[in-house]
Amino acid sequence: MSTSDPAPANTGFPTGRRAFPHRDLLAIAQLERHEILYVLHEAERWLSFNRRAAKHNDVLAGLTVINAFFEASTRTLLSFEIAGKRLGADMINMHAAQSSVRKGETLIDTAMTLNAMRADAIVIRHGSSGAVALIADKVGCPVLNAGDGTHEHPTQALLDALTLRHALRRRGESGDDFTGMTVCICGDITHSRVARSNLLCLQALGATVRVCAPPTLMPAQIAAMGAEPFHDFDAALRGVDVVMMLRLQSERMNGALLPSAREFHHLYGLNRRRLDLAAPGALVMHPGPMNRGVEIDSDIADLAERSLVTRQVETGVAVRMACLEILTRTARGVGGWGDGSGTVAEASS
Amino acid sequence: MNAPSSALFAGGTLVLPDRVETGMLRIEDGVIAAPGSAERDGPCTRIDAAGLLVAPAIVDLGVFAVDRAAFHFGGIARAALMPDQDPPLDHPARVNFIAKSGKPDLWIHPLAAATRNLDGTAIAELALMREAGARAVATGRRWIADSAVMLRVMQYAAMLGQPVITHAEDGFLTHGSVATAGEMATRLGLPAAPAAAEALAVARDLALARLAGARLHLRQVTTRAALDLVRAAKAQGQDVTAGVTPAHFMLSDLDIGGFRSFARLSPPLRCEDDRQAVREAIADGTIDVISSGHDPRGVEDKRLPFADAAPGMAGAQTLLPLTMTLVRDGVIGLSRAFELLARAPARILGVNAGALEPGFEADLILVDPDLPWIVSGEKMGGIAGNTPFDRQPVQGRALAVYKGGVEVSAAGSRTRGNPRSVGSGGH
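Since the structure is predicted, the reported quantities are computational estimates derived from the model, not experimental observations. (Residues numbered from 1 in each chain as written. Chains lettered and ligands numbered in written order. Predicted model: local features only at pLDDT ≥ 70, side-chain atom pairs only at ≥ 80, totals over all residues. Heavy atoms only, no water.)

**Q** A description of the overall build of chain A should follow, citing residues and the corresponding values.
**A** Across its full length, chain A holds twelve helices and nine strands. Expressed as a percentage of its 349 residues, the buried residues of chain A come to 58%. Long-range pairs, those at least 24 residues apart, make up 72% of the contacts in chain A with a sequence separation of at least 6. (Helix = DSSP H or I, 4+ residues; strand = E, 2+ residues; numbered from the N terminus. Buried < 20%, exposed > 50% of the residue type's maximum accessible area, 1.4 Å probe, protein only. Contact = heavy atoms within 4.5 Å.)

**Q** Describe in detail the pairing of strand E1 (residues 7-10) of chain B, supporting the description with residues and values.
**A** Residue and element names in this part refer to chain B. Alternating residues of E1 divide into Ala 7 and Phe 9 and Leu 8 and Ala 10, and every residue in both groups is buried. Summarising the sheet, E1 and strand E4 (residues 25-28) pair through three bridges and their orientation is antiparallel. Bridging across to E4, Phe 9 finds its partner in Leu 25. Sheet analysis places E1 next to strand E6 (residues 45-48), joined by four bridges and oriented parallel. (Pairing = 2+ DSSP bridges.)

**Q** Let's hear about the nonpolar core: which residues, and what values?
**A** Counting residues in each nonpolar core, the largest one holds 100 residues, and the members touching the most others are A:Ile185, A:Phe233 and A:Leu270. Residues lining this core come from more than one domain, with at least three contributed by each of domain 1 (28-151 + 312-331) and domain 2 (154-309) of chain A. (Core = buried A, V, L, I, M, F, W, Y, C linked by side-chain atoms within 4.5 Å. Domains from an automatic or database assignment.)

**Q** Describe the side chain of B:His109, with residues and values.
**A** Residues and elements named next belong to chain B. Secondary-structure assignment places His 109 in strand E10 (residues 107-113). Under the relative-accessibility criterion, His 109 is labelled buried at 0%. Of note is the side chain of His 109, whose polar atom sits 3.1 Å from the side chain of Arg 78. (Polar contact = N/O pair within 3.5 Å; in protein donor to acceptor, adjacent residues only side chain to side chain.)

**Q** Describe the environment of B:Leu52, naming the residues involved and giving the relevant values.
**A** All names here are of chain B. Checked against the element boundaries, Leu 52 lands in the loop between E6 and strand E7 (53-56). According to the relative accessible area criterion, Leu 52 is buried, its value standing at 14%. Each C-alpha atom of the pair Leu 52 and Ile 365 lies 9.6 Å from the other, and the pair is 313 residues apart in sequence. Once you skip the residues sitting within four places of it in the chain, Leu 52 turns out to touch Gly 12, Thr 13, Leu 366, Val 367, Asp 368 and Leu 399.

**Q** Mind laying out the packing of aromatic side chains, listing which residues take part and the relevant values?
**A** The geometry of an aromatic ring pair is captured by the separation of the ring centres together with the interplanar angle, meaning the angle of the planes. This structure, assessed with the given rule, holds six aromatic pairs over all chains. Their ring planes at 85 degrees and their centres at 5.3 Å tell us that A:Trp46 and A:Phe49 sit as a pair that is edge-to-face. With A:Trp46 and A:Phe49 both in helix H1 (residues 33-49), this residue pair falls three residues apart, about one helical turn. The two residues A:Trp46 and A:Phe49 agree in class, both being buried. Summarising the aromatic geometry, the rings of A:Phe264 and A:Tyr268 are spaced 5.4 Å apart at their centres and angled 35 degrees between planes, so their arrangement reads as tilted. With A:Phe264 and A:Tyr268 both in helix H8 (residues 261-268) and four residues apart, this pair spans about one turn of that helix. Among the aromatic residues, those joined into a ring-pair cluster are A:Phe233, A:Phe264 and A:Tyr268. Lying over the aromatic face of B:Trp373, B:Arg397 brings its terminal NZ or CZ to 5.4 Å of the ring centre. The ring of B:Trp107 has B:Lys403 lying over it, and the distance from NZ or CZ to the ring centre is 4.2 Å. (Phe/Tyr/Trp six-rings, centres within 6.5 Å; stacked < 30°, edge-to-face > 60°. Lys NZ or Arg CZ within 6 Å of the ring centre and 35° of its normal.)

**Q** Break down the pattern of salt bridges for me, with residues and values.
**A** Scanning the model with the defined rule gives 44 salt bridges over all chains in all. The closest approach of N and O atoms between B:Arg78 and B:Asp363, which form a salt bridge, is 2.7 Å. In this pair, B:Arg78 is assigned in strand E9 (residues 76-81) and B:Asp363 in the loop between helix H13 (334-349) and strand E18 (364-374), connecting sequence segments 285 residues apart. A single burial state applies to B:Arg78 and to B:Asp363, both of which are buried. Here B:Glu183 makes a salt bridge to B:Arg187, at a shortest N to O gap of 2.8 Å. Taken together, the positions of B:Glu183 and B:Arg187, both in helix H6 (residues 183-188) and four residues apart, correspond to about one turn of that helix. One salt-bridge network, in which partners are shared between bridges, spans A:Glu42, A:Arg45, A:Glu325, A:Arg329 and A:Arg332. (Salt bridge = Lys/Arg side-chain N within 4 Å of Asp/Glu carboxyl O.)

Here's what the structure looks like:
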C-alpha cells in the first residue's frame, strides 16, 4: 500500500498543496473540510487492515512516539498505544502521576525534555485548554492533541465521523459526508472537549447540530458556533438522525451544577421512550466510558445496530493510526510531503 | 535633596489643565512657579523643549510592583502601590517603608489593605496606616464578599477622609474563571464568568459608599452595564470615580485567541461592545483615570497554559502611547489625556501634583507625541515584559522625566548608593 498518494479524488483538494498541510493535529478548528475528509480517507484502509489476523505494519519502524498524558486516561491512551504499535513505532507512555510534573517542573520544561529525547511525534493530553498548543510551540516534532482541558479532542471527533460514515454505509446510505443529517449532542456541553470537536467536525461535514444541556452545563453563546441549543431533551431529539451522549463527570453531580445524578437522568437520560422521538433507526453514540443509568440506559447502550459505542472504540485505533502516519510523513521523507512548509516541495509521482 | 531645582522649560508646548499652548514654564525650588512672578536670583537651568510637549508626569494609580525602570520609561513620577504585596500592605510599618522607598526620584504612594491579610474579614489598621503614609484604602485584587465588612471599611475610610479603591467583580461569579463568558471563551473551552459580575459588584459598592458617605474609586470599570451605573451615580452627585487600563479600550476578548497568556488579565478582556463602551465613557467623563495596572510577571507565571497563568500585564511602559491613541483617534484632547493620566489620580490621592499649576510639585515629562516605536517586552526595561501589545507599533514617548524639577535617569540619577535608600526626607 502506497502512503504517498496525495489525495482521494472526490474531496475537492486545492492543487499544489499537501493534502494535510499541518505539522500538528491540535484542533478540528484548524482543519478545512477537505483535510478532515482526507484523514478519514486514510483511516479507511487502516480500518480494514485492523480486521486482519496479522495486524502489523512497519511503516513507522524506528520512530519514537511518546504518549505524554498529564491527565488520567485509559481508553485514549490505549488506543494511541495500539495504533502506534501496529504501525511499528516505538511507543513510550509517560504518565504525569509518575513524572517530574509532580515535582514542580513546568510544562515547558517537560516539553523541552521530551523534545531533547528526539521523539518523532508526541501525543499529549492535558487538563488545561490550550496546553497542547503551548507544548507544540516549543517542540520540534509533530504533536497530536489527545484532549486539552475543555477545548478540543480532535481524534475523538474524527473517529466519531468515521464511525458514523460506516454505520450509514451499512444501512446503504452512502455518501462521504453528513449533508442533510441532524445530530443531537447531549450532556455537559460546557466542560466537554468532545462536544466542541464534534460540533465543528460534524458541521464541517454538512450536518446540522443540536446541543442539549441544562443551562448550568451550557456554555455562553454556543449558537455562535453554529449549534442550535436546547434545554428540553425531548424537543432536541425530535427527528434527529444521531444522538451523541456525553459522559457526565461525577464531580458535576454534587449539587453545584446539577441537583443530582438521578434528576439528570430524569431530564437528560437517554431511554427507549426518548429514542423513539428521534428519526426511525436513529443511531446512538457515546465517547465512553458510559455512566449506565445516568446519561444512558443500558438497553440503549447495548442496542444492536443502533448503538455505535463499541464501533467507536474500534474506529478510534484506525483514525489514530492514520493521524500518526500522516503527521510523520515529512520526518519519514515520504515523497511529496516536503519540508513542513505546507507546500509541495517536490513533484510527487 | 538640596539639588538646585530652578529651571526654565522653553520652546515646548505646555499641556495645561484647560488648554494646550506654546510657552515657557518656570520651576522654583521644585515647584511650578506662577506665570509672570518675579524670577529669583541664583542658578537656573534652561531646558530647550522645542518640538516637545511639556506635560505633567504620570501619576499611576494602582500598580502591583515598584518597577523603577518601567516607570521611568513610561514617564511615571508617582505610583500608587496596591496592597497586594508579599506580605500585604496591612501593617503601618510596611506602609511606612514603602512610602519612602522610591524617593527622591520616584514617589510611591502606598494603598492600605482594607482588611488584614486582604482576606476580606477583619478591618486593617487604617488610621495608623494613613499616618504611616497610606494615601487611600484598597481592597486589592480581590472583591470583599461580605457586604458588612465592606460597609465598615467604607465607614472607617470616610471618617479618615480617605477614598476606598475597589476591585469590582463579584467573586463568587468569577471564582475559577479566566475569561468573560461569550463566544471566544466557549470556542476556546476556557472557564468563564458572565460580564455582569462587574455590574453586580459596582452596584453594591455604590450603594455601600452612599450609605457610608465614602469616596469610592472603582479601579477598573470595563463593561457597559457597570459604566452605566457609574454614570447614573455621578449624575446623582455621588462622590465616585472610575478607572480603566489601556487593555480594556484597546483589546477585546478576541485577543485571547491562541491562548496567549499575556492577554490573561483581571478583569478579563471583554466583548467588543464593552470595549466601545469604555471608549465612550472616557470621552464623556464617566471614566476619570487611566492607569497601567502594572503587574510585571516573569515566565514562571506566564509561560503556562492560559488558565494556569497568573493574570496581569506589564503596563507602565505603554500607558502613555496607548492613551495617546485616544487623542489621535479624536476620542479625547491632550489636556483631557493628562487629566486622566495625572491630574485626576493625583486628586484622588490628595497630592499636589499631576498638573501644570502654580504651586504644584514640578513633576514633569517631556513628550514626543508622535515618536514611533515598537513595543518590545524584552527591550523596554522593567522587571518583566509580559505585555499583550508586544511587537505592536505605537507613537509617543516620554523623553525625560523631572521629579520636583530635577531630571531623573532610568537608574535614579539623584540617588547615591542604595537606590532604595529611605534617608531622603519625609513624605
